[in-house]
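Residue-level structural notes
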Amino acid sequence: MKNILIAILLITFCTTEAQDFKAYQFYDQKGKEVKTEKLVKELANYDIVFFGENHNSSINHWLQLKITEALFEKKNGQLMLGAEMFERDNQPQLNQYLTGKFDAKTFKDSARLWNNYATDYKPLVDFAKSKKLNFIATNIPRKYASQTAKEGLESLSKLSEKEKTYIAQLPIKVTLDTPGYPEMKAMMGDHAEGTKVMNFISAQATKDATMAESILKSFQAGKTFIHYNGNYHSKEFGGIYWYIKQKNPNLKMAVISVFESEDPDLKVPSKDYIPTNFNLVIPGDMTKTF
C-alpha cells in the first residue's frame, strides 16, 4: 500500500510539473483557436493574403514556408508569391534566379538581399523556383524611401521617368486615416517637428503604396497572391491592405498578424492586441535569426 501511495504521489507531481511547450498558436478574429489545416483551407478562398512577420523570428519564417507549401497543394498550384524584402528594380535578377539563369551566388552578388536572406527568405524563393511560381519584388528601392524621409514626398517628382517606374504612381496619398500611421506619429513624440514627422510617415507610405501597386499589377484572377511583409505593413488592416482597398475594394484580402507572448499557453494577449482575420501568437523567447 505504501509503495502504491508513493507511486501515485510521483505521478501527481510529474503531472503538475510537466508542461507542453507550444511553439505557436493561430486564432481567428473572434479569438477562437484555428488549426493550420483549417487556416490553409480558409486562406485558399482569398485573392490576397498578407502574412505579417517579425523579421527575426525563426518560427514566423518556418510557418510562412509551411503554410505556403500547404496552400500550394490546396490551390492546385494556383499561387503567386511576393515580398517586401525584394525591391522592384531587382525583379530582373530575381527572375533570372527563378528561371535558373543565375545561380545562388550570382543572384546574391547582383541583388540587394537582406542580411537574413539565406536563413529566412531563400527557402521561400527556392520553393517558388522549384514549383515555377511567380515571385514578385514588390517594394520601393530603399534609397527613394530614405529620400522621402529626408526631403519629403515632393522630392520624388524630380526623379527620372525610369526611376518613377520603381515607385507607386505619383502623387501618393498620405493620410493619418491609414491605420498604424497615427501610432507612428505618436512614437515620434510631441517634440518632433511637424515636417519631420510627416516625412517619416510619408516614407512608410511610399513603401506601402508601392507594394500595393506591385501586387495589383501582378495579381491574376483565380490565384491566391501571398505576400510576406513586416507586421507593421498590414497590421490593423492598414498599410498595404489599406492602399489596395482604396484602388480595388472588391478584392478578398486576409491579414495574418503576429504577436509575441510570455504566456506558455500562448493565449490571446490581454493588451496591445488588435486582431485581424488571423492572428499568430508565438513565444517571446523563440529563437531569433539575428
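Residues numbered from 1 in each chain as written. Predicted model: local features only at pLDDT ≥ 70, side-chain atom pairs only at ≥ 80, totals over all residues. Heavy atoms only, no water.

Observations regarding the overall build of the chain
Applicable threshold: By definition, any uninterrupted DSSP run of H or I lasting at least four residues is a helix, any uninterrupted run of E lasting at least two residues is a strand, and each is numbered from the N terminus. Any pair of residues with heavy atoms lying within 4.5 Å of one another is described as a contacting pair. Every accessible area reported is derived by Shrake-Rupley at a probe size of 1.4 Å, with residue values counting cover from the shown protein chains alone.
Broken down by element type, the chain carries 11 helices and 8 strands. Intrachain contacts of the chain at a sequence separation of at least 6 include 73% that bridge at least 24 residues. Approximately 15100 Å² of the chain is accessible, and the part contributed by carbon and sulfur atoms is 53%.

Re the environment of G238
Cut-off, in case you're wondering: Each residue is assigned to one of three classes by its accessible area relative to the maximum for its type, calculated with a 1.4 Å probe on protein chains only: buried under 20%, partly exposed between the two thresholds, exposed over 50%.
Relative to the helices and strands, G238 resides in the loop between strand 6 (224-230) and helix 11 (239-247). On the accessibility criterion, G238 (0% relative accessible area) is buried. On a C-alpha basis, the gap between G238 and D177 in space is 9.2 Å, while along the polypeptide they are 61 residues apart. Setting aside its immediate chain neighbours within four residues, G238 contacts P179 and H233.

Some thoughts on the packing of helix 2 (residues 36-43) against helix 3 (residues 58-74)
For clarity, the cut-off: The axes are straight lines fitted to the C-alpha atoms, using for helices just the contacting stretch, and the angles between their N-to-C directions are given from 0 to 180°. Working definition: roughly parallel below 35 degrees, roughly antiparallel above 145 degrees, roughly perpendicular at 65 to 115 degrees, and oblique for all remaining angles. Take the far helix as your reference; a near helix turned counterclockwise from it by less than a right angle gives a left-handed crossing, and one turned clockwise gives a right-handed crossing.
Here helix 2 crosses helix 3 at 55 degrees, and the two axes come no closer than 9 Å. As the angle between them shows, helix 2 and helix 3 are arranged oblique. Helix 3 is crossed by helix 2, and the crossing has right-handed handedness. In this structure, helix 2 contributes T36, L39, V40, K41 and L43 to the contact, and helix 3 contributes I67, A70, L71 and K74.

Section: the nonpolar core
Keep this limit in mind: By nonpolar core we mean a set of buried residues, namely Ala, Val, Leu, Ile, Met, Phe, Trp, Tyr and Cys, connected to one another through side-chain atoms within 4.5 Å.
One finds L43, F51, F86 and F135 to be the most contacted residues of the largest nonpolar core, which totals 45 residues. Discounting chain neighbours no more than four positions away, the residues touching F86 are L94, F107, L113, Y117, Y121, V125, F135, A137, T138 and N139. Judged by nonpolar contacts, the second largest core, of 34 residues, contains V197, A209, I240 and W242.

Notes on the sheet that holds strand 5 (residues 135-139)
This is how the line gets drawn: Pairs of strands are assigned from DSSP output, requiring at least two bridges between the strands.
The strand order across the open sheet built from 8 strands is 2-1-8-7-3-6-4-5, with neighbouring strands paired in mixed fashion. Taken across any chain shown, the strands that pair with only one partner, and hence form the sheet edges, are strand 2 (33-34) and strand 5. With 5 bridges joining them, strand 4 (residues 79-87) and strand 6 adopt parallel strand pairing. Considered in strand 6, the bridge of M80 is made with F225.

Things to note about unusual backbone geometry
Residue P171 follows L170 across a cis peptide bond; omega there is -5 degrees. Mapped onto the secondary structure, P171 falls in the loop between helix 8 (161-164) and helix 9 (181-188). A positive phi angle, near 55 degrees, is found at N76, a position not held by glycine. In this structure, K132 is a non-glycine residue whose phi angle is positive, near 55 degrees. With respect to the secondary-structure elements, K132 resides in the loop between helix 6 (117-131) and strand 5. What makes K132 exposed here is its relative accessible area of 76%.

Some details on the confidence of the model for the chain
As a reminder, the rule being used: For every residue, the predictor states its confidence as a pLDDT score lying anywhere from 0 to 100.
Scored by pLDDT, the chain comes out at a mean of 93, with 92% of its residues at no less than 70. The low-confidence segment residues 12-16 (pLDDT under 50) makes 0 contacts with residues lying over four places distant or belonging to another chain.

Let's talk about the pairing of strand 3 (residues 48-53)
Most of strand 3 is tucked away: 6 of the 6 residues are buried. Residues I48, F50 and G52 line one face of strand 3 and the alternating positions V49, F51 and E53 line the opposite face, and both faces are buried. Sheet topology places strand 3 next to strand 6; 6 bridges connect them, and they run parallel. Following the sheet pairing, G52 is matched in strand 6 by N229. As judged from the 4 bridges shared by strand 3 and strand 7 (residues 253-261), these two strands associate in the parallel manner. Its bridge partner being in strand 7, F51 is matched across the sheet by I256.

Comments concerning the packing of helix 9 against helix 10 (residues 194-218)
Selection rule: For this classification, Asp, Glu, Lys and Arg are treated as charged, while Ala, Val, Leu, Ile, Met, Phe, Trp, Tyr, Cys and Pro are nonpolar and the rest, including Gly, are polar.
Here helix 9 crosses helix 10 at 145 degrees, and the two axes come no closer than 10 Å. Relative to helix 10, helix 9 is oriented so that their crossing is right-handed. Mapping the contact onto sequence places Y181, M184, K185 and M188 in helix 9 and K196, V197, F200, I201, Q204, A205 and D208 in helix 10. Considered class by class, the residues forming the contact of helix 9 with helix 10 number 7 nonpolar, 1 polar and 3 charged.

As for the environment of I226
Note that I226 resides in strand 6. Classification of I226 as buried rests on a relative accessible area of 0%. When the C-alpha positions of I226 and F135 are compared, they lie 9.6 Å apart, and in sequence the two are 91 residues distant. In this view, I226 contacts V49, F51, T68, L71, L79, M80, L81 and G82; residues no more than four positions away in its chain are not counted.

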